[in-house]
Structure formats: C-alpha cells, structure tokens
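Topology and contacts: notes
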Amino acid sequence: MPKNNFPKIHNAMWPGLVGKGSPGAEPFIGFDTMLDLTARAEVDGVRFDGVDLFLCAPHIAIDSDDSDLKKLADKLRKKKLVAGSVVAPVWPPTGGGSAMGGEEDRRKFLEQVRQACRIAARLREIGVRPHGIVRIDSAASVSDWAKDPRGNTKKIAATFREAAVIAQGHGERLAAEGEICWGGMHSWKDMLNLLEEVGQPKVLGFQADMSHTLLYMLGANAPRHRLVPKEFHWEPGVFHAAMTKLTEALRPWTIDFHVAQNDGTVFGSGTHDKTGRHCVPTDLHGKLNLPRDSGYWLRTSGGKLTRRFQHICWDGCMFPNETMLQQQTWNNILTAMIEVRNNHGWSA
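For the structure given in this document, a descriptive report is provided here.

Scoring rules and cut-offs
Residues numbered from 1 in each chain as written. Predicted model: local features only at pLDDT ≥ 70, side-chain atom pairs only at ≥ 80, totals over all residues. Heavy atoms only, no water. Core = buried A, V, L, I, M, F, W, Y, C linked by side-chain atoms within 4.5 Å. Buried < 20%, exposed > 50% of the residue type's maximum accessible area, 1.4 Å probe, protein only. Helix = DSSP H or I, 4+ residues; strand = E, 2+ residues; numbered from the N terminus. Contact = heavy atoms within 4.5 Å. Axes fitted to C-alpha atoms, helices over the stretch in contact; angles between N-to-C directions. Parallel < 35°, antiparallel > 145°, perpendicular 65-115°, else oblique. Left-handed = near helix turned anticlockwise from the far one by under 90°. Nonpolar A, V, L, I, M, F, W, Y, C, P; charged D, E, K, R; others polar. Pairing = 2+ DSSP bridges. Right-handed = clockwise from strand over helix to strand, strands pointing away. 1 Å grid on protein atoms, 1.4 Å probe; cavity = no way out; pocket = protein on both sides within 12 Å on 5 of 7 lines; lining within 4 Å. Points joined across faces, edges and corners; volume = space filled by probe spheres on them. Salt bridge = Lys/Arg side-chain N within 4 Å of Asp/Glu carboxyl O.

Things to note about the nonpolar core
Formed by 113 residues in total, the largest nonpolar core has its most connected members in L53, I136, F160, M217 and L250. A total of 9 residues in this core trace back to one element, the largest contributor, which is helix α3 (residues 103-126). Apart from the residues within four sequence positions on either side, M217 is in contact with R226, L227, V228, F232, W234, F239, A242 and M243.

As structure tokens, this is what we get:
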C-alpha cells in the first residue's frame, strides 16, 4: 500500500501536442495513446490517479459540446482516471490572442478562457473532475513585452483580472504558469510583479513547474534576476539559498504544481519557443533531486506541509516521441511521483 494517498498523482496529456505537429517537428501523439500509456503505468500496485488536459484539437476541442464532454468522461472512467487541471489555449495559433495586445487580441484571449472554464466546470458537474485549475499565460513574447515593461505588465494584469471574473463566474480558479518564454512572466521577479498587479489571490494564482522555475533561478531570459552567481557550479549551499528565496516569493501564490526534471538548459521544438528543458526523471544530467527539491514548493520554510492542492502533475513537455511511446518511461515517471508523494504527502 502507498505510504500516502494525497496529493493525487496526475500525468499531463499536452506533451502529446506541445512542440509537435508543425513542419519539421515530430507528429502529434493522440489523446487515446497518451491516455493508454498513463493508465497502463503501474508500480507496486500504484497507478496514476488522473490526467491534466490540454483543451485544444486534436486532443479536446475548445468548442466541445455536452455530448463530447460526456464521451470524454466515459473514456476517463473506463481507464479509472479523473480529470484535473486544464490548459486554456490562449495563444494566437490556437484561436486566442496576446493578453497585452489590442482589443481584438484580448477579446480572443478572454473567449478561450471562457470556453476553458465552461469545459472545466462541466467536467466537475459530470463528476470526473474533483479538483484542479484552469491554466493560462500571457500569450506574448518576451521581446514584445520588453518594449514597454511597465505598460505591458499593466495590460496583461488588466486582461488577467477580466479572466478572473470569468473564472469566478464558473466556480473556477486560474493559474498563470511561470515560464521563461512568456512576456511578463519570464523571470521570478516579473512573475511576482504581475501576480501582485493582478491582486486577485483567491482567483488567480501561480502554477509552478520544477523545470521552468529552475530556469528562473538561473536567470534565463532575465539575467538581472538570476539568484545564483554567473559562475555557478551547483554548490549545494548556493542552490539551497537560491531555491529558498525563489520559493519564499512565489509559494504563497502557488495553487498548482508540476513535478519535472531539468538539466539546466533551454529547449524549443516546433513552434514552441525555447524554455526549460524537460528531462526524464532518470536523466543523469538532471540537476534536480525530485523527492527532495519538490519540498521547496510543497512545504513551508519551516517544513510544514502546505496542502495547497489536491493533486500534483508530471509534465514531460517536448519529450521525443520515441521516449514517450515506451511504457517504461511512464513507469519510471510514476516511480518518481510516488517518491515525491511519500516525502511530502499525507493520508486522508
């Protein structure tokens, strides 16, 4: 029997789509294939509890109707999985628009949020989504944001506040994922400034991904905000001090969490800009000790469990298809997730 049964363990479905499907990139991996790989993973009788969803074709269309959602619910039930957090497709290529753009861009952004909140709420009503948030980001490039940092942050915050009203109307919460490729969210300091500018902590919080936040620490795309020296050699004391400062700033805002490995480099694929490179948990070049370092986010500085969210999710964004289609990959990932839960979870 597992040592703890909370937080629940989820797998992300979007690695089958992100960075794939465009000219020169690997093909998409279908939703059913991703679901099967997740459902078949097993370690000492423990399986994944659920999946986090990307609300974008060819997985789940953002305009899915009630019949589509009931079919999705049936598919999840047959695999003994639930849905958790969902990603709103707010980017221009997926029908959205920049959160700091003109009126039409912002209208498209908010419409995608509205649709995502509708789907999320309906899955809750159907009974297959017991917990989770709706994930967003600025859908804007760092270079465009840098033309007017203060003004563009205010524009993004204004859009996010409108999105928060939409989410609240559906009984949902939004989480902005900190990632170095999104303008106004590309460093820990700018992310914190944006969250404070929005000022809606009960409705809009932060989604922490261990791979992306490691790049925050290193100052990728924002050298002035790096938390370690330029000549950093992964000294344990320096790493601990930097991670402590990073998480003390962003943990109070964190309402969704991704376990992920990173080798300290950036990577892009297809149309996705370079961001934190996600590695398999067994990668010998990985810089994170997942069972230990997840504790920076899952516990207070005094060591107390935060219990801020009911599930944690593995994010394997832009893994090669060859890696993703091996069942052992997901067994190894499940093993890492169980270790995280055993170290920082609870029984209920």
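Additional details are given in the paragraphs that follow.
Here's the deal with the packing of helix α2 (residues 66-78) against α3
Across the interface, α2 lies against α3 with an axial gap of 10 Å and an inter-helix angle of 55°. Taken together, the axes of α2 and α3 lie oblique to each other. For the element pair α2 and α3, the recorded crossing hand is right-handed. Taking contact as the criterion, the partners of D66, L69, K70, L72, A73 and R77 in α2 are, on α3, R118, I119, R122, L123 and I126. Considering only residue class, the contact of α2 with α3 consists of 6 nonpolar, no polar and 5 charged.

Examining the pairing of strand β5 (residues 174-177)
What you see with β5 is no split at all: L174 and A176 on one side and A175 and E177 on the other are buried throughout. Bridging between strand β4 (residues 134-136) and β5 involves 3 bridges; their strand directions are parallel. Along β5, the bridge assignment pairs I136 with A176. A crossover connection joins β5 to the parallel strand β6 (residues 204-209) through helix α6 (residues 188-198); in handedness this β-α-β unit is right-handed.

Description of empty space enclosed by the protein
Taken as a whole and judged by the stated rule, the model has 1 cavity of 30 Å³ or more. Of the pockets and cavities examined, the largest cavity occupies roughly 50 Å³. Looking at the largest cavity, the residues that line it are P7, L298, L305, T306, R307, R308, F309, H344 and W346. By residue class, the composition of the lining of the largest cavity is 5 nonpolar, 2 polar and 2 charged.

Section: the pattern of salt bridges
Using the criterion set out here, one finds 23 salt bridges in the structure. A salt bridge links E26 to K20, with the shortest nitrogen-to-oxygen separation between them at 3.5 Å. A relative accessible area of 7% means that K20 is categorised as buried. Between E42 and R47 there is a salt bridge, and its shortest N-O distance comes to 2.8 Å. One network of salt bridges, with partners in common, ties together D66, K70, R122 and E125.

Some thoughts on helix α1 (residues 31-40)
What α1 keeps buried is the set F31, M34, L35, L37, T38 and A39. Looking at the buried residues of α1, the elements they touch are β1 (8-12), β2 (50-54), α2, α11 (321-324) and α12 (327-344).

A short note on unusual backbone geometry
Omega for the peptide link from F6 to P7 comes to -5°, which places this bond in the cis form. Residue placement: P7 occurs in the segment before β1. A cis amide bond links A57 with the next residue in sequence, P58, at an omega value of 10°. Of note, P58 is situated in the loop between β2 and α2. Unusually for a residue other than glycine, D44 sits at a positive phi of about 50°. You can see D44 is positioned in the loop between α1 and β2. Judged by its relative accessible area of 79%, D44 falls in the exposed class. With a phi angle near 70°, N221 is a residue other than glycine that sits in the positive phi range. Here N221 shows up in the loop between α7 (210-218) and α8 (236-250).

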